[in-house]
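# Structural overview
So the chains spell out like this:
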Amino acid sequence: MDFFQAIILGLVQALTEYLPVSSSAHIRIIGDLMLGQDPGAAFTAIIQIGTELAVILYFRHDIIRILSAWFGSLFGKEGKDWKSRMGAHNRDTQMGWFIIVGTLPILVAGLLFKDMIETTLRNLWITVTVLAVFGVLLWVFDAKSKQIKRMEDMTMRDALLFGVGQMLALIPGVSRSGGTITFGRAMGYTREAAVRVSFLMAIPAVFGAGILETVSAIKDVAAGDAGMFPGWGPTIAAAIVSFVVGYIVIIGFLKFVSTFSYKSFAIYRIALAVIVAVLLLTGVVPAIDPSVA
C-alpha cells in the first residue's frame with residue numbers, strides 16, 4: 001500500500017463510517033480491488049480514529065455535559081445513595097451509564113473473538129451475506145416500526161440492545177451504525193435518535209479498538225512483520241482525511257435522516273452484496289485474503 005492508496009482508503013472510511021452501509025466492508029472490498037489483498041484490521045481500526053475524532057468534535061457539547069454529569073453523580077453530587085449515583089435525578093448521568101452498558105457487548109466479544117474477527121470473519125462471502133441480510137432488516141424495520149422513542153426515553157434494556165447491534169458490527173458487512181440503527185428502529189426510536197445514539201455509543205468502542213490496534217501495529221513494525229501496513233505517514237494522512245471528510249458527512253447524514261427514510265441505504269447494501277458476489281464468482285477478488293488464509 002502506498003501513500004495515495006492509503007489516502008483513498010481514508011476517504012472511503014470517511015464516506016461510509018457513519019452510514020449504515022459498513023465501512024469495514026468497503027475497506028475490505030476496495031482494498032482487494034486496489035491492492036490485491038485485505039488492508040488489514042490494524043490499518044482499518046487506526047483510520048477509524050479519525051472519523052471518531054470528527055464525532056467528538058461535532059458532539060463535543062453533549063459529550064462534555066454527559067461526562068460532567070456522570071462524574072458529578074458518581075461522586076455524590078446528586079445524592080449519596082446508589083440510585084442517585086446511577087442517575088436517578090439526572091438524565092445525562094443515565095446516558096453515561098447507557099453508553100457504558102452499550103459498549104460492554106462489543107468489548108467482551110472483541111476480546112474473546114479477536115483472532116476470528118481478524119481472519120475467519122473477513123471472508124467476503126460472509127460480508128456479502130450480512131450486507132444483504134442487514135439491508136433487508138434495515139428496510140423492513142425502518143418501514144414498519146413507529147417513530148415514538150427519543151433519546152430521553154432510553155432504558156438500560158434498550159442500551160444493552162443497542163450494544164448488541166453494535167457488537168454484531170465486528171462482522172465486516174454488518175456496519176456498526178447499521179447494526180445500532182437497525183436495532184434502534186426495531187425498538188421504535190426515531191431515525192435521528194437512533195443515529196445520535198449510534199454516534200455516541202461508538203466513541204469508546206472505536207477508540208478502544210483503534211488504540212489496541214495502534215499498539216499492535218507498533219509491535220509488528222518493530223518486529224518487521226507489518227504486512228500491508230503502509231507506515232505511519234500514510235496511515236496518519238489517511239486518518240486526517242477521514243476526520244475532515246467525516247465531519248462533513250456527519251452534518252449531511254443528520255440532515256438526511258431528519259427528512260428521509262433509510263430505504264436508499266438498504267437498497268445500496270443489497271446492490272453492493274450482489275456486485276461483490278459477482279466479483280467473487282468470477283474470480284476478480286478472492287473470498288479469503290491469501291495473507292491470512
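One structure accompanies this document, and this report is about it. Owing to the predicted nature of the structure, the values given are computational and were not obtained by experimental measurement.

Rules of the game
- Residues numbered from 1 in each chain as written.
- Predicted model: local features only at pLDDT ≥ 70, side-chain atom pairs only at ≥ 80, totals over all residues.
- Heavy atoms only, no water.
- Axes fitted to C-alpha atoms, helices over the stretch in contact; angles between N-to-C directions.
- Helix = DSSP H or I, 4+ residues; strand = E, 2+ residues; numbered from the N terminus.
- Parallel < 35°, antiparallel > 145°, perpendicular 65-115°, else oblique.
- Left-handed = near helix turned anticlockwise from the far one by under 90°.
- Contact = heavy atoms within 4.5 Å.
- Nonpolar A, V, L, I, M, F, W, Y, C, P; charged D, E, K, R; others polar.
- Polar contact = N/O pair within 3.5 Å; in protein donor to acceptor, adjacent residues only side chain to side chain.
- Salt bridge = Lys/Arg side-chain N within 4 Å of Asp/Glu carboxyl O.
- Buried < 20%, exposed > 50% of the residue type's maximum accessible area, 1.4 Å probe, protein only.
- Phe/Tyr/Trp six-rings, centres within 6.5 Å; stacked < 30°, edge-to-face > 60°.

## Quick notes on the packing of helix α8 (residues 124-144) against helix α13 (residues 263-281)
It is the contact of α8 with α13, at a shortest axis distance of 8 Å, that shows an interaxial angle of 160 degrees. It follows from the interaxial angle that α8 and α13 lie roughly antiparallel. The interaxial crossing formed by α8 with α13 has left-handed handedness. Of α13, the residues touching α8 (which contributes Leu124, Trp125, Val128, Val130, Leu131, Ala132, Phe134, Gly135, Val136, Leu138, Trp139 and Asp142) are Lys263, Phe265, Ala266, Ile267, Arg269, Ile270, Leu272, Ala273, Val276, Ala277, Leu280 and Leu281. Looking at the contact of α8 with α13 residue by residue, the classes come out as 20 nonpolar, 1 polar and 3 charged.

## A few points about the side chain of Arg176
With respect to the secondary-structure elements, Arg176 resides in helix α10 (residues 176-186). Within the local environment of Arg176, its side chain forms a polar contact with the backbone oxygen of Ser198, the two atoms lying 3.0 Å apart.

## Side note on the pattern of salt bridges
In this structure the tally under the stated criterion is 8 salt bridges. One salt bridge in this structure joins Arg176 and Glu17, with 3.5 Å as the shortest N-O distance. Of this pair, Arg176 sits in helix α10 while Glu17 sits in the loop between α1 (3-16) and α2 (23-35), and the two are 159 residues apart along the sequence. Classification of Glu17 by relative accessible area gives buried; the value is 4%. A salt bridge links Arg65 to Asp92; its shortest N-O distance comes to 3.0 Å. One end of the pair, Arg65, is in helix α4 (residues 60-74); the other, Asp92, is in helix α6 (residues 91-112), and 27 residues separate them in sequence. Among the ionic contacts, a cluster of salt bridges with common partners joins Asp62, Arg65 and Asp92.

## Focus: the packing of aromatic side chains
Summed over the entire model, instances satisfying the criterion amount to 12 aromatic pairs. Both rings, one in Phe256 and one in Phe265, keep their centres 5.4 Å apart while their planes meet at 70 degrees; by these two values the pair is edge-to-face. Consider the rings of Tyr262 and Phe265, whose centres lie 6.4 Å apart with planes at 50 degrees: the pair is tilted. For the pair Tyr262 and Phe265, a shared accessibility class is recorded, and that class is buried.

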